[in-house]
Amino acid sequence: MLFQITSAILETCVLAVLLEEDMYGYKITQEIMKVINISESTLYPVLRRLQQQGMLTVRDEPYMGRNRRYYSITEKGLEYYRRCKDEWEKYKNTIDSILKGDRKSDSI
């Protein structure tokens with residue numbers, strides 16, 4: 001991809017994936033990798049950071065003799081997601097207007 005994926009975009013994507021259901025780390029990675037080319041090693045620090053910031057909670061569940069760590073979005077995470085999504089829409093619309101030749105749009 002020509003454009004860089006920032007940590008804020010990646011955090012927002014993780015939170016978006018968790019809106020529907022709790023997931024374990026590998027499944028979150030697989031869902032995001034369907035649309036963004038990232039490695040698993042990129043995602044786990046994001047999950048830890050979101051957890052430390054109180055945007056995710058974690059629970060371990062046994063699975064085939066091992067523990068699987070499931071992540072859930074918190075109310076704080078939901079608020080952050082909504083704010084990021086609104087900002088993304090504004091940003092996207094501004095860039096779209098420039099690319100379409102409409103220079104009258106509000107600045108970012």
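Refer to the structure above for everything that follows.
What counts, and at which threshold
Residues numbered from 1 in each chain as written. Predicted model: local features only at pLDDT ≥ 70, side-chain atom pairs only at ≥ 80, totals over all residues. Heavy atoms only, no water. Axes fitted to C-alpha atoms, helices over the stretch in contact; angles between N-to-C directions. Helix = DSSP H or I, 4+ residues; strand = E, 2+ residues; numbered from the N terminus. Parallel < 35°, antiparallel > 145°, perpendicular 65-115°, else oblique. Left-handed = near helix turned anticlockwise from the far one by under 90°. Contact = heavy atoms within 4.5 Å. Nonpolar A, V, L, I, M, F, W, Y, C, P; charged D, E, K, R; others polar. Phe/Tyr/Trp six-rings, centres within 6.5 Å; stacked < 30°, edge-to-face > 60°. Buried < 20%, exposed > 50% of the residue type's maximum accessible area, 1.4 Å probe, protein only. Core = buried A, V, L, I, M, F, W, Y, C linked by side-chain atoms within 4.5 Å. Pairing = 2+ DSSP bridges.

Visitor: I keep staring at the packing of helix α1 (residues 7-17) against helix α4 (residues 75-99) and nothing clicks. Help me out?
Guide: Helix-helix packing is characterised by the crossing angle of the two axes and by the distance between the axes. Contact geometry for α1 and α4: axes closest at 9 Å, N-to-C directions at 125°. As far as their axial angle goes, α4 and α1 are oblique. As for how α1 packs across α4, the hand of that crossing is left-handed. Between α1, through A8, I9, E11, T12, L15 and A16, and α4, the contact on the second element is made entirely by G77, Y80, Y81, C84 and W88. The residue makeup of the contact of α1 with α4, split by class, is eight nonpolar, two polar and one charged.

Visitor: Just to check I follow, could you spell out the packing of aromatic side chains for this structure?
Guide: All chains considered together, the criterion is met by two aromatic pairs. Measuring from centroid to centroid gives 5.6 Å for Y24 and Y70, while their planes differ by 75°, and the two rings are edge-to-face. A residue pair is termed long-range when its members are at least 10 positions apart, and Y24 in strand β1 (residues 23-24) and Y70 in strand β3 (residues 66-73) qualify at 46 residues. Overall, Y70 belongs to the buried group, its relative accessible area being 16%.

Visitor: Just to check I follow, could you spell out the nonpolar core for this structure?
Guide: Counting residues in hydrophobic clusters, the biggest one holds 21 residues, and the most contacted among them are V14, I28 and I32. Counting residues per element, the ones that place at least two in this core are α1, α2 (25-33), α3 (40-52) and α4. Beyond its immediate stretch of four places on either side in the chain, I32 contacts L10, C13, V14, V17, I38 and L43.

Visitor: When you look at the pairing of strand β2 (residues 56-63) in this model, what are you seeing that I'm missing?
Guide: Regular strands place their side chains on alternate faces of the sheet. Pairing of β2 with β3 involves eight bridges; the strand directions are antiparallel. Paired with R59 across the two strands is Y70, which belongs to β3. Taking the residues between adjacent antiparallel strands as the criterion, β2 and β3 are bridged by two residues, where M64 takes a positive phi near 50°.

Visitor: Looking at this structure, how should I read the environment of S7?
Guide: Position of S7 among the secondary structure elements: in helix α1. Residue class for S7 comes out partly exposed when judged on its relative accessible area of 43%. Measuring from C-alpha to C-alpha, the distance between S7 and L43 comes to 9.8 Å, with 36 residues separating the pair along the chain.

Visitor: It is not clear to me how unusual backbone geometry should be interpreted in this structure. Could you clarify?
Guide: We note that M64 has phi near 50°; this positive angle belongs to a residue other than glycine. Topologically, M64 is positioned in the loop between β2 and β3. Since its relative accessible area comes to 70%, M64 is described here as exposed.

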